[in-house]
Amino acid sequence: MLGSRRSRDAVTCIACGESVPRAKAREYDKHGDRWDRRDKEFEYLCKPCHGDLTHQPRSGLEDLLAAVESEADDRDAFLHRYQELVEQRQD
């Protein structure tokens, strides 16, 4: 619904940590569905970081990362499990 956003003067870019005016930021929806706004808190990217993103489909990526994160205790375990699941999906 237009006009229903809370107004904020500044937001923090999740990529670089810079504080930027809301008007100069881009919304990031980790669920990949920015049009369904009900009960969501958006994260933000500054325009340069947003421009650096690869805007390719990421079907299931967030769910995959959440599953791997819930199973892994450290970085090495995370990377190993991620690689296993990606290879399973490719088969």
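Residues numbered from 1 in each chain as written. Predicted model: local features only at pLDDT ≥ 70, side-chain atom pairs only at ≥ 80, totals over all residues. Heavy atoms only, no water.

**Considering the overall build of the protein chain**
Note the threshold: Helix numbers and strand numbers start at the N terminus; a helix is a DSSP run of H or I with at least 4 residues, a strand a run of E with at least 2. The rule is simple: take the accessible area with a 1.4 Å probe, protein chains only, and divide by the maximum for that residue type; under 20% is buried, over 50% is exposed, in between is partly exposed. Residue contacts are counted whenever heavy atoms from the two residues lie within 4.5 Å of one another. Computed with the Shrake-Rupley method and a 1.4 Å probe, the accessible areas treat only the protein chains shown as cover for residues.
Across its full length, the protein chain carries three helices and four strands. Of all 91 residues assigned to the protein chain, the portion counted as buried reaches 19%. Once local pairs closer than 6 in sequence are excluded, the contacts in the protein chain between residues at least 24 apart make up 36%. A total of about 7500 Å² of accessible surface is found on the protein chain, and carbon and sulfur atoms cover 47% of it.

**Thoughts on the nonpolar core**
Our working rule: Only buried residues count toward a nonpolar core, which is a set of Ala, Val, Leu, Ile, Met, Phe, Trp, Tyr and Cys residues joined through side-chain atoms within 4.5 Å.
If you look at the biggest cluster of nonpolar residues, it comprises 10 residues: Val-11, Cys-13, Val-20, Ala-25, Tyr-28, Phe-42, Tyr-44, Leu-45, Cys-46 and Cys-49. The element that contributes the greatest number of residues to this core is strand β4 (residues 43-46), accounting for three residues. Residue contacts for Cys-13: discarding those within four places in its chain leaves Glu-18, Tyr-44, Leu-45, Cys-46 and Cys-49.

**Brief notes about the pattern of salt bridges**
The cut-off we apply is this: Salt bridges are counted wherever a side-chain nitrogen of Lys or Arg sits within 4 Å of a carboxyl oxygen of Asp or Glu.
Counted by the stated rule, this structure contains three salt bridges. Linking Arg-22 and Glu-27 is a salt bridge whose minimum nitrogen-to-oxygen distance equals 3.2 Å. Glu-71 is paired through a salt bridge with Arg-81; the nearest N and O atoms lie 2.5 Å apart. Here Glu-71, found in helix α2 (residues 61-71), pairs with Arg-81, found in helix α3 (residues 75-90); they are 10 residues apart in sequence, far enough to count as distant. When salt bridges with common partners are traced through the structure, they connect Glu-71, Arg-81 and Glu-84 into a single cluster.

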